[in-house]
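# Examining the three-dimensional arrangement
Chain by chain, the residues run as shown.
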Amino acid sequence: MVESTKSATLTIDGKSYDLPIYSPTAGPDVIDIRKLYAQSGMFTFDPGFTSTASCESDITFIDGAKGELLHRGYPIDQLAEKSHYLEVCYLLLYGELPTAPEMEDFESRVTNHTMVHEQMHNFFRGFRRDAHPMATLVGVVGAMSAFYHDSTDINDLMQREIASVRMIAKLPTIAAMAYKYSIGQPFVYPRNDLDYASNFLHMCFAVPAESYEVNPILARAMDRIFTLHADHEQNASTSTVRLAGSSGANPFACVAAGIACLWGPAHGGANQACLEMLQEIGTVDRIPEFIARAKDKNDPFRLMGFGHRVYKNFDPRATVMKKSADEVLELLGVENNPTLQVAKELERQALNDPYFTEKKLFPNVDFYSGIILEAMGFPTSMFTPIFALSRTVGWISQWKEMIGDSQLKIGRPRQLYTGATRRDYTDVETR
Ligand code: CMC
């Protein structure tokens, strides 16, 4: 824990309380209120955690005003350009970029865990074919603790390590199986001679009846999508994983909880919702109608892929994603894709509209990712599972950091109760 260098004084009804202040290596100072309840008998109130740091972490840093995202200090645009997903996984998990032998060892450990227990195939067959792949993913990842119970002891460092590698290795296999199952095609086993992203494309798009060649440019774009989603500090799903893990639950159960949280349209579900919105808009002439709806307080409609709790400037991931979308669509010869045209014009009009500029609403990572994924051949229902498999490393890194923290306490927020005070039960005849 960092040392307190200064303190804040809180005065309530004439009584003063000294609260230590900690200075992080980057970002705003934090006021430590842990002893406030014991000293004053009062809670703080912060629904949505807009002003609350829930943990100490040295994994990821976001400067929302600058539009900067750093993993272990390295900017996301440099990692997206020069690194690759498995190297970023190593960085997030272990804190430093790997040497060549360390990378080789890590890659081989991940590659050797890509297959899932054969009995999982039967487990999949219990789902309805028309289930959303996210529904299947939540169930199957939760069930991993039943299939891999030899790596669920969180007090055993080796088991924690094996569980981490298993999840990073198997999530693409499970996500691809959820997809294959939903379209009635046979499961495709992983190929360990392929890199992580190519193997995922292979498991999604190969069929036993034909040979399938992975396009290296698409594999690179896929890898970049994984990299851009790898971690994002204490977002809703990561906080869910930490909260679940704070009770001592096993990591498979915790990651399943994170996947459930990610599914919502305000979070990871936004990529599916965004592409569906762009398709619903359809043509550029309809954009003003949708912008007007987004600004109308009486209409619940929001521009999906716009706005962020932390970024009050461009989401740096969106900038890389936009460039990638251009490259992929050009490669596929669909640069005049109508959805991309609508996206670009919508972005232009929104960024020239005071409603969006004054509220600092900029395109986020989900604004362009769906266009690339659709061009690659993924249905919209697979967008959020792809986000989930990419984010798995972030969830695990944050979970591992929390488990290793000597100050770990079960997460247990308090409340501002506004319900009925004590009253006596009445029999039904007298109500
Ligand atoms: N379209 C129109 N208005 C918006 C939008 C939007 N997309 N986002 C925020 N606003 C308005 C909102 O109505 C509010 O206005 P006012 O101050 O007049 O009441 C103001 O901007 C602040 O919004 P908020 O809901 O208080 O902000 P938040 O930090 O709680 O929410 C958000 C952040 C991402 C949930 C929100 O911007 C949103 O719903 N965006 C659309 C969904 C989306 O794209 N989500 C993906 C986020 S990035 C990937 C990820 O983390 O998973």
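All figures in this text were calculated on a predicted structure; none of them were measured in a lab.

Once that is clear, we can look at helix H9 (residues 216-228). Its 13 residues give H9 an end-to-end C-alpha distance of 18 Å, which sits within 8% of 18 Å, the value for a rise of 1.5 Å per residue. With ten of 13 residues buried, H9 is to be regarded as a mostly interior element. Within the sequence span of H9, burial applies to Leu218, Ala219, Ala221, Met222, Asp223, Arg224, Ile225, Phe226, Thr227 and Leu228. For H9, the capping residue at the N-terminal end is Asn215, with a side-chain oxygen 2.8 Å from the backbone nitrogen of Ile217.

Time to look at a nonpolar patch on the surface. Together, Ile217, Leu331, Leu332 and Val334 make up a nonpolar patch on the protein surface, roughly 280 Å² of accessible area in all. With respect to the secondary-structure elements, Leu332 resides in the loop between helix H14 (316-331) and helix H15 (338-351). Residue classification places Leu332 among the partly exposed positions, given a relative accessible area of 33%.

Right, let's get into the UniProt feature "active site" (unreviewed entry) in the protein chain. As recorded in UniProt, the feature "active site" (unreviewed entry) lies at His308 and Asp366. A maximum C-alpha distance of 10.7 Å among these annotated residues, which run over 59 residues, shows that they cluster at one spot. Locating His308 in the fold gives a position in the loop between helix H13 (287-295) and H14. His308 has contacts with His232 and Arg317, leaving out every residue within four places of it along the chain. Of the polar contacts made by the side chain of His308, one reaches the backbone nitrogen of Tyr311; its length is 3.3 Å.

Turning next to the pattern of salt bridges. Scanning all chains against the criterion turns up 22 salt bridges. Among the ionic pairs, Asp326 bridges to Lys344, the shortest N-O distance being 2.8 Å. Here Asp326 is found in helix H14, whereas its partner Lys344 is found in helix H15, with 18 residues between them in sequence. Given a relative accessible area of 32%, Lys344 falls into the partly exposed group. Look at the salt bridges and you will find they share partners, linking Asp105, Arg109, Glu161 and Lys400 into a network.

Here we take up the sheet that holds strand E6 (residues 74-75). Judged by pairing direction, the sheet is antiparallel, and its three strands sit side by side in the order E4-E5-E6 without closing on themselves. Looking at strand neighbours, the two that pair on one side only are strand E4 (60-63) and E6, the edges of this open sheet.

Each assigned domain of the protein chain is listed here: domain 1 (7-53), domain 2 (73-227 + 381-404) and domain 3 (269-376). Summarising the inter-unit geometry, the C-alpha centres of domain 2 and domain 3 are found 27 Å apart. In total, about 1600 Å² of surface goes out of reach between domain 2 and domain 3, with carbon and sulfur atoms giving 72% of it. Of all residues in domain 2, Leu218, Ile225 and Phe383 give up the largest surface area on contact with domain 3, accounting jointly for 38% of the area buried on that side. Counting across the domain 2 and domain 3 interface gives two salt bridges. The shortest N-O distance in the salt bridge between Lys323 and Glu81 comes to 3.7 Å. Seen at the junction of domain 2 and domain 3, the total is four residue pairs in polar contact (both at pLDDT 80 or more). Elements with a contribution of two residues or more to the side of domain 2 that touches domain 3: helix H2 (76-82), H9 and helix H18 (383-403). Here the side of domain 2 that touches domain 3 gets six residues from one element, more than from any other, and that element is H9. Residues belonging to the side of domain 2 that touches domain 3 are distributed by class as follows: eleven nonpolar, four polar and four charged.

So, about the side chain of Thr392. Tracing the chain through its elements places Thr392 in helix H18. Judged by relative accessible area, which is 0%, Thr392 ranks as buried. When neighbours within four sequence positions are excluded, Thr392 is seen to be in contact with Met167, Ile168 and Leu171.

What counts and what doesn't
Residues numbered from 1 in each chain as written. Predicted model: local features only at pLDDT ≥ 70, side-chain atom pairs only at ≥ 80, totals over all residues. Heavy atoms only, no water. Helix = DSSP H or I, 4+ residues; strand = E, 2+ residues; numbered from the N terminus. Expected span 1.5 Å × (residues − 1). Buried < 20%, exposed > 50% of the residue type's maximum accessible area, 1.4 Å probe, protein only. Polar contact = N/O pair within 3.5 Å; in protein donor to acceptor, adjacent residues only side chain to side chain. Patch = residues over 30% accessible without salt bridge, like charges linked within 9 Å, V, L, I, M, F, W, Y side chains within 5 Å. Areas by Shrake-Rupley, 256 points an atom, 1.4 Å probe, with all protein chains shown as cover. Salt bridge = Lys/Arg side-chain N within 4 Å of Asp/Glu carboxyl O. UniProt positions renumbered as here; feature names shortened; annotations may be inferred. Contact = heavy atoms within 4.5 Å. Pairing = 2+ DSSP bridges. Domains from an automatic or database assignment. Buried area = accessible area lost by both parts, 1.4 Å probe. Nonpolar A, V, L, I, M, F, W, Y, C, P; charged D, E, K, R; others polar.

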